[in-house]
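Below are the chains, spelled out letter by letter.
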Amino acid sequence: MTIRLFKPSVGQEELDNLRGVFERAWLGLGPLVSEFEEEWSRYVGCGMSVGVNSATAALHLALTAFHFPPGKKVLVPAITFASTATAVLYNNLIPVFVDVDPDTAVMSLEGLERKIDGDCVAVIPVHNAGYPVPMDELMGIAARHNLKVIEDCAHCAGGSYKGKKLGTWGHIGCFSFEEKKCMTTGDGGMICSDDAELIEPLKPYRWVGIDKDTWRRAVAAGSEQEKEAMHWHYDISVLGYKYNMNDVMAAIGLAQLKKLDAMNAKRRAIIGRYLDGIRGMDGIMPYTRYTLNGEEAYWFFGIRSARRDELILHLKHRGIATGVHFYPLPLHPLFKSWDNGCPVAKEIWKTFITLPSHVDLTEEEISYVVDAIGAFVTPPVWI
Ligand SMILES: Cc1ncc(COP(=O)(O)O)c(C=O)c1O
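Predicted model, so just to flag it, every value in this text is computed and none were measured. (Residues numbered from 1 in each chain as written. Predicted model: local features only at pLDDT ≥ 70, side-chain atom pairs only at ≥ 80, totals over all residues. Heavy atoms only, no water.)

S.K.: Could you clarify how one ought to interpret the sheet that holds strand 14 (residues 352-355) in this entry?
M.R.: Two orientations exist for strands paired in a sheet by backbone hydrogen bonds: parallel and antiparallel. What the three strands build is an open sheet, ordered 12-13-14; its pairing is antiparallel. Both outer strands of the open sheet, strand 12 (285-286) and strand 14, are each paired with one neighbouring strand and no more. Against the sheet, helix 12 (residues 308-316) engages strand 13 (301-304) and strand 14, with an angle of about 25 degrees to strand 14. (Pairing = 2+ DSSP bridges. Helix = DSSP H or I, 4+ residues; strand = E, 2+ residues; numbered from the N terminus. Contact = heavy atoms within 4.5 Å. Axes fitted to C-alpha atoms, helices over the stretch in contact; angles between N-to-C directions.)

Here it is in structure tokens:
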């Protein structure tokens, strides 16, 4: 048996939507992007959403929205994907790594308070693996220190914390629809906020700086003939990027959004099966403090083992793909110069193993993985 670590769950509904895109022969930034943005705003319950081509782009532009002076500092967890921190560097800001909570592997709030100084302007909490950073407490800390909050929701599309959707607690929420995530558009991302005035100006930034609104204003001021002839005009008002979502992505996203709650429920059920399976296994702990209250959106199930590399090889030899999420950022060459400690992150990552937990995983496959871990922990005795 071979079992993939991640696998997007796509089918007829996505194909049907794509057929419509082909029939209209409009594949770029178009009406489906607007429709998906509106559906997304309705789904998460926010004022406005802006579709982009990745969460990396979303995080980059979310920080751009605040126009922080270069050289200011942004707090990010030590355990996350590179994009959380490269977004800081793209904006000529300085990343400040915050250590993680030893049990949950998300940003420690005590660690956060310790790292804040007068130059810090923002914090990017990451709901790592889908486990929510306690946003009520974090928002209190942010308010006391006048920090803007950008939630990195790359791992938790559709998840809530205390009944409120993740991505709507902070000033801006950023989502990933990359192919492995809770839902996918192939590649894709979403910026959302209750403050439309804050993120509306990001539209030209995602579209190489093109500002069609100035065209509309120019046209409105002109004669009928000028209006007719000026349809081609646009202004480049800002240094923008080619970060837009397109109608192919949005077509897939609209179909995936309809299935998101069901896919998150399926992932919770898979995680429940794994938790039962590993219970009592010597030296095997869950990756984070998985709760299953019905509001969580987990991206993956993982475990911890002091014999991590041996176990990875044991599973590999049985056809089971695994991963490690994540090697702490301050240990990467790019980020070494901002290494400021974070001893917990540097210790616990050595035990991390991500297991197959995509929604199309079968009961038989889960049992196979659990049995393989069991055989590693308690090897069979031959009499
Ligand atoms: C925490 C986190 N933030 C951001 C990203 C970037 O997402 P994307 O691939 O959509 O750019 C990822 C990707 O895995 C991630 O894990």
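Picking up where we left off.
S.K.: What is the right way to look at the layout of surface pockets in this model?
M.R.: Remark: the empty space left among the atoms is shown by a probe the size of a water molecule rolled over them. Here the second largest pocket defines a volume of roughly 270 Å³. Phe81, Ser83, Ser176, Glu178 and Lys181 are, among the 20 residues lining the second largest pocket, the residues nearest its centre. Where the lining of the second largest pocket is concerned, the elements lending two or more residues are helix 3 (55-64) and helix 4 (82-90). A per-element tally of the lining of the second largest pocket places helix 3 first, with three residues. In terms of residue class, the lining of the second largest pocket is built from seven nonpolar, eight polar and five charged. (1 Å grid on protein atoms, 1.4 Å probe; cavity = no way out; pocket = protein on both sides within 12 Å on 5 of 7 lines; lining within 4 Å. Points joined across faces, edges and corners; volume = space filled by probe spheres on them. Nonpolar A, V, L, I, M, F, W, Y, C, P; charged D, E, K, R; others polar.)

S.K.: In this structure, what is going on with the site of the ligand? I would like to understand it.
M.R.: Of all residues adjacent to the ligand, which total 17 residues, the nearest are Thr56, Asp152, His155, Ser176 and Lys181. Asp152 places a polar side-chain atom, nitrogen or oxygen, 2.7 Å from a nitrogen atom of the ligand. Relative to its free-state accessible area of 390 Å², the ligand is covered by the protein chains to the extent of 93%. For the ligand, the cavity whose grid points lie within 2 Å of the majority of its atoms is the second largest pocket. Going through the elements one at a time, helix 3 and helix 4 are the ones with two or more residues in the shell around the ligand. Split into classes, the residues belonging to the shell around the ligand amount to six nonpolar, eight polar and three charged. (Near = heavy atom within 4 Å. Polar contact = N/O pair within 3.5 Å; in protein donor to acceptor, adjacent residues only side chain to side chain. Areas by Shrake-Rupley, 256 points an atom, 1.4 Å probe, with all protein chains shown as cover. Sits in = over half its atoms within 2 Å of the grid points.)

S.K.: Just checking my understanding: could you explain unusual backbone geometry for this structure?
M.R.: Glycine aside, residues mostly have negative phi, and peptide bonds are mostly found in the trans state. In the segment running from His325 into Phe326, the intervening peptide bond is cis, with an omega of 5 degrees. Residue position: Phe326 is located in the loop between helix 12 and helix 13 (343-348). Of note, the phi angle at Asn146 is positive, near 60 degrees, even though the residue is not glycine. Summarising the element assignment, Asn146 is placed in the loop between helix 6 (135-144) and strand 5 (148-153). The exposure class assigned to Asn146 is exposed, which follows from its relative accessible area of 63%. (Buried < 20%, exposed > 50% of the residue type's maximum accessible area, 1.4 Å probe, protein only.)

S.K.: How should the domain arrangement of the protein be read in this particular structure?
M.R.: Interface size, as often reported, equals the accessible area lost upon joining of the parts. Under the domain assignment used here, the protein contains domain 1 (12-257) and domain 2 (260-377). Inter-centroid distance (C-alpha atoms) of domain 1 to domain 2 is 27 Å. Contact residues are listed per partner, giving 42 residues for domain 1 and 30 residues for domain 2. With both chains or domains summed, domain 1 and domain 2 bury close to 3100 Å², and 62% of this area falls on carbon and sulfur atoms. Summed over the shared surface of domain 1 and domain 2, the number is one salt bridge. Of the charged contacts in the structure, one is a salt bridge between Arg289 and Asp103, with a shortest N-O distance of 3.6 Å. Across the domain 1-domain 2 interface, the total number found is 18 residue pairs in polar contact (both at pLDDT 80 or more). Residue contributions to the side of domain 1 that touches domain 2 peak at five residues, all from strand 3 (residues 94-98). (Domains from an automatic or database assignment. Buried area = accessible area lost by both parts, 1.4 Å probe. Salt bridge = Lys/Arg side-chain N within 4 Å of Asp/Glu carboxyl O.)

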